[in-house]
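# Analysis of the macromolecular model
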Amino acid sequence: MTIRLPAFDYLTPETLEDAAQLLADPERSVVVVGGGTDVVPKMKRRQITPEVLVSLSRIESLHGIRIDESGACTIGASTTLAEIHDSTVVPEVFAAAAGDVASPQIRNSATVGGNLCLDTRCNYIDMSDSWRQASGYCLKDGGDTCWVAPRSNKCWAISSSDLATVAVALGGSVRLTSVRGERLIPIEALYNNDGMSYLTCAADEILVELVLPRGNGRATYRKLRRRGSIDFPLLGVAISARFDDAGMCVFARIVLGGIASAPLRAIEAEEFIVGRQLTDEVLEEAARLATQPARPQDNTDTGSRYRKWMVSVFVERALGDVAGDRA
Amino acid sequence: MADHILAIDVNGDRHRVLVTDQRTLLEVLREDLGLTGTKHGCDVGECGACTVLVDDKPVLSCLVIARQVDGSSVQTVEGLAHDGKPDLLQEAFAELGAAQCGYCTPGMLISARSLLDDNPDPTTEEVQAGLAGNLCRCTGYIKIFDAVRLAAARDRGL
């Protein structure tokens, strides 16, 4: 039986100004749609039922990738993951991570704006409507209990965007637009560690573009998933780091994805490796420190203890990637 | 919720279809145009059975809002054969028995056609990557991979 989409108005503004106006409508519930690969399944399952979908696809200025004089790479929100993966000017680690998202068909539709704003995911909500009705709608679904942590008053749904994790590690920024104007914020400030209000921006703000500074260090992304194709990350580890001529680490960002409701910085581990050579002992201790902020729950594939263990394994491997030809 | 006239080119034929905003491309193809070669599988973007080419790129038609592709050209499995002659991929699939129940086959063929158009001589690993978004629940992948490489070799005149 075909699952039909619920009724909605589909609007296709051709300018950003028109799109911002449509989102400012206080009378109707409006959701922005890029490629639709996140929004459409959620609407089919009645997780969200907006009255209006505003498509960004006809706004020319949101398509494409450019490099400015400083070497920063700006990626328009409507650029597809396939275009990013195939690009030769996007930072290599970001292009590779885009190729690790979902399947070839989804990467041809899905956009970078959509991936960065990907709704948080959980075993108790990414289910059919009949399943959710039978089990009782959870907190994120309009109910009053989080089925992952019933005594908790917060939602634990997981940030599952590969590109968010990498963009935070690279120190990226996002430009947001609304009828009130435009602002550029560090992408780290876009996310909130709460499964329900996981984005800090206002509901009528549109993510216009991602800006990645020119990297002068090394970066890597490692993704844990059951199948090498299709799956969302059960854990993503992105690291960017710089070293001096003697091989001493002078800057590090270690970011964990798929483990909380926002990309998480492993700050203690970052501080520990700065000022040190990445010897095997240092890698091991940094990996141990990186597990401290991780509180995975049993709300995705595999168990929470396994995923916490994997944080140390993946951080150690990822640090090995950036340490490269260390002595 | 208003009706719109959708203009799409499907397998080289131009169509104008009256659609509501919530119509998906899969529904238009199967229910309005009667092109039931494109299969309806999971409905939520996990299986690849509904894969079609939109402007030469494979996408999942169950996730495409029809109005999103207004003015585009679409190719379905019905458009693979030419002048009554099957595509080399279709011949290779039939010859090697690369279909068991056959439900994933149209999606596999479309993804494979796109792969070979981009890369005429793929390794087995590249075939696997190209078909990563197409699930076969009969687990007949080996013959499918072999058939794609056989068709590729014949396409190159080997």
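Residues numbered from 1 in each chain as written. Chains lettered and ligands numbered in written order. Predicted model: local features only at pLDDT ≥ 70, side-chain atom pairs only at ≥ 80, totals over all residues. Heavy atoms only, no water.

Here the focus is the domain arrangement of chain A. Accessible area lost upon the coming together of the parts serves often as the stated size of an interface. Residue and element names in this part refer to chain A. The assigned domain composition of chain A is domain 1 (61-117 + 158-212) and domain 2 (218-323). The gap between the C-alpha centroids of domain 1 and domain 2 is 21 Å. Taken together, the 24 residues of domain 1 in the interface contact 28 residues of domain 2. Buried surface at the junction of domain 1 and domain 2, summed over both partners, amounts to about 2000 Å²; 60% is from carbon and sulfur atoms. A salt bridge links glutamate 188 to arginine 265; the shortest N-O distance between them is 3.0 Å. At the junction of domain 1 with domain 2, the criterion picks out twelve residue pairs in polar contact (both at pLDDT 80 or more). Its residues placed into classes, the side of domain 1 that touches domain 2 shows twelve nonpolar, eight polar and four charged. (Domains from an automatic or database assignment. Contact = heavy atoms within 4.5 Å. Buried area = accessible area lost by both parts, 1.4 Å probe. Salt bridge = Lys/Arg side-chain N within 4 Å of Asp/Glu carboxyl O. Polar contact = N/O pair within 3.5 Å; in protein donor to acceptor, adjacent residues only side chain to side chain. Nonpolar A, V, L, I, M, F, W, Y, C, P; charged D, E, K, R; others polar.)

What follows covers the environment of arginine 307 of chain A. All names here are of chain A. Assignment of secondary structure puts arginine 307 in helix α11 (residues 304-323). Aside from chain neighbours lying at most four places away, what touches arginine 307 is Ile158, Leu234, Gly258, Ile259, Pro296, Gln297, Asn299, Thr300, Asp301 and Thr302. A polar side-chain atom of arginine 307 sits 3.3 Å from the main-chain carbonyl oxygen of glycine 258. (Helix = DSSP H or I, 4+ residues; strand = E, 2+ residues; numbered from the N terminus.)

A few words now on the interface of chain B and chain A. At the interface, 32 residues of chain B touch 31 residues of chain A. In total, about 2600 Å² of surface goes out of reach between chain B and chain A, with carbon and sulfur atoms giving 54% of it. Between the two partners, chain B and chain A, sit three salt bridges. Across the salt bridge formed by glutamate 27 of chain B and arginine 4 of chain A, the nearest N and O atoms sit 3.1 Å from each other. Taken together, chain B and chain A are joined by 15 residue pairs in polar contact (both at pLDDT 80 or more). Those elements that provide at least two residues to the side of chain B that touches chain A are α1 (25-32), β4 (57-60) and α4 (124-130) of chain B. Broken down by element, the side of chain B that touches chain A gets its largest block of residues, four residues, from β4 of chain B.

Residue and element names in this part refer to chain A. With eight of eight residues buried, helix α8 (residues 162-169) lies mostly within the body of the structure. Restricting attention to buried positions, one finds in α8 the residues Asp162, Leu163, Ala164, Thr165, Val166, Ala167, Val168 and Ala169. Two or three places before leucine 163, at the opening of α8, serine 161 has a side-chain oxygen 3.4 Å from that residue's backbone nitrogen. Looking at the residues trailing α8, positive phi occurs at glycine 171, about 70°. (Buried < 20%, exposed > 50% of the residue type's maximum accessible area, 1.4 Å probe, protein only.)

Here we come to the layout of surface pockets. Remark: the empty space left among the atoms is shown by a probe the size of a water molecule rolled over them. When its volume is computed, the second largest pocket comes out at roughly 700 Å³. Residue lining of the second largest pocket: 28 residues in total, with Pro104 and Arg107 of chain A together with Asp118, Ala129 and Gly130 of chain B positioned closest to the centre. Tallying contributions element by element places helix α3 (residues 105-118) of chain B first for the lining of the second largest pocket, with five residues. Looking at the lining of the second largest pocket, its residues break down into seven nonpolar, ten polar and eleven charged. (1 Å grid on protein atoms, 1.4 Å probe; cavity = no way out; pocket = protein on both sides within 12 Å on 5 of 7 lines; lining within 4 Å. Points joined across faces, edges and corners; volume = space filled by probe spheres on them.)

Okay, the packing of helix α2 (residues 88-96) of chain B against α3 of chain B next. Residues and elements named next belong to chain B. Packing of α2 against α3 brings their axes to within 10 Å, and their N-to-C directions diverge by 130°. By the angle class used here, α2 and α3 are oblique. As for how α2 packs across α3, the hand of that crossing is right-handed. Every residue of α3 that contacts α2 at Leu89, Gln90 and Phe93 is listed here: Thr105, Met108, Leu109, Ala112, Arg113 and Leu116. Partitioning the contact of α2 with α3 into residue classes produces six nonpolar, two polar and one charged. (Axes fitted to C-alpha atoms, helices over the stretch in contact; angles between N-to-C directions. Parallel < 35°, antiparallel > 145°, perpendicular 65-115°, else oblique. Left-handed = near helix turned anticlockwise from the far one by under 90°.)

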